[in-house]
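Descriptive analysis of the structure
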Amino acid sequence: MGSVRKASAWLGLVDDNEDERYYDDDDYSDGNEPGEAWVTDPRVKVASDVAEEKGRRIGTVTPDSFRDARAIGELFRDGVPVIMNLTAMEASDAKRVVDFAAGLIFGLRGSIERVSTRVFLLTPAHTEIVNGDPAGHRTDGFFNQS
């Protein structure tokens, strides 16, 4: 019941039907039974299918422990670039994951690049990394103010 309706009921302007506030269990049973998968918005699935078909996916993994390294390996093995965010891990486990990733990129001929402290980008062999560094100062052109 909305706040305006509650105020109207308190003032006596409308009837307060308390029975309407409670729902039967049958209203909630017309969908996912226990064990069924939740259905999301179909646009999300279509967008991910298109991205997968065109090879435009990037995986992001934030592992809690070394056990989560498998997710990194599975994505990378499927040819998906992976951003590893190791900031939530203990230093010793983070080092183990980096060693695992180094072996992974060596075996699959990929590359690894440090993005920031404890954040790494793993790219498969067919992926080109475009560096966003400034091209330097030009002496001719639009921004030449001398």
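Note that the structure is a prediction, hence the values are computed from the model and not measured.

In terms of helices and strands, the protein chain carries four helices and four strands. What you see in the protein chain, going N to C, is helices and strands ordered as α-α-β-α-β-α-β-β. In the protein chain, which comprises 146 residues, the proportion classed as buried is 20%. By sequence separation, contacts in the protein chain at least 24 residues apart represent 48% of the contacts at least 6 residues apart.

Moving on: the environment of Arg 118. For Arg 118, the location among the structural elements is in the loop between β3 (111–116) and β4 (119–123). For Arg 118, a relative accessible area of 27% corresponds to the partly exposed category. Taking the C-alpha atoms as reference points, Arg 118 and Asn 85, 33 residues apart in sequence, are found 6.2 Å from one another. Excluding anything up to four places from it in sequence, Arg 118 contacts Met 84, Asn 85, Leu 86, Thr 87, Met 89, Glu 90, Ala 91 and Ala 94. There is a polar contact of 2.8 Å between the side chain of Arg 118 and the backbone oxygen of Met 89.

A word on the side chain of Ser 65. Counting through the fold element by element, Ser 65 comes out in the loop between β1 (59–61) and α3 (69–77). The class of Ser 65 is buried, set by a relative accessible area of 14%. Excluding residues within four positions of it along the chain, Ser 65 makes contact with Met 89 and Asp 93.

Side chains of Trp 10, Leu 11 and Leu 13 sit close together on the surface and give an oily, nonpolar patch of about 450 Å² of accessible area. Position of Trp 10 among the secondary structure elements: in helix α1 (residues 3–11).

So, on to the nonpolar core. Nonpolar side chains in soluble globular proteins tend to be buried together. Counting 14 residues, the largest nonpolar core has Ile 72, Phe 76, Val 82, Met 84, Leu 86, Val 97 and Leu 122 as its most contacted members. Excluding residues within four positions of it along the chain, Val 97 makes contact with Phe 66, Ile 72, Met 84, Leu 86 and Met 89.

Now for the pattern of salt bridges. Under the counting rule described, the total for this entry stands at two salt bridges. With a shortest N-O distance of 2.7 Å, Glu 74 and Arg 70 are connected by a salt bridge. Highlighted residues: Glu 74 and Arg 70, both in helix α3, separated by four residues, approximately one helical turn. Here Asp 99 makes a salt bridge to Lys 95, at a shortest N to O gap of 3.6 Å. Of the two residues, Asp 99 and Lys 95 are both situated in helix α4 (residues 91–107); the distance of four residues between them amounts to about one turn of the helix. In this structure Asp 99 comes out as partly exposed when scored by relative accessible area, which is 46%. Residue classification places Lys 95 among the exposed positions, given a relative accessible area of 54%.

Procedures and definitions
Residues numbered from 1 in each chain as written. Predicted model: local features only at pLDDT ≥ 70, side-chain atom pairs only at ≥ 80, totals over all residues. Heavy atoms only, no water. Helix = DSSP H or I, 4+ residues; strand = E, 2+ residues; numbered from the N terminus. Buried < 20%, exposed > 50% of the residue type's maximum accessible area, 1.4 Å probe, protein only. Contact = heavy atoms within 4.5 Å. Polar contact = N/O pair within 3.5 Å; in protein donor to acceptor, adjacent residues only side chain to side chain. Patch = residues over 30% accessible without salt bridge, like charges linked within 9 Å, V, L, I, M, F, W, Y side chains within 5 Å. Areas by Shrake-Rupley, 256 points an atom, 1.4 Å probe, with all protein chains shown as cover. Salt bridge = Lys/Arg side-chain N within 4 Å of Asp/Glu carboxyl O. Core = buried A, V, L, I, M, F, W, Y, C linked by side-chain atoms within 4.5 Å.

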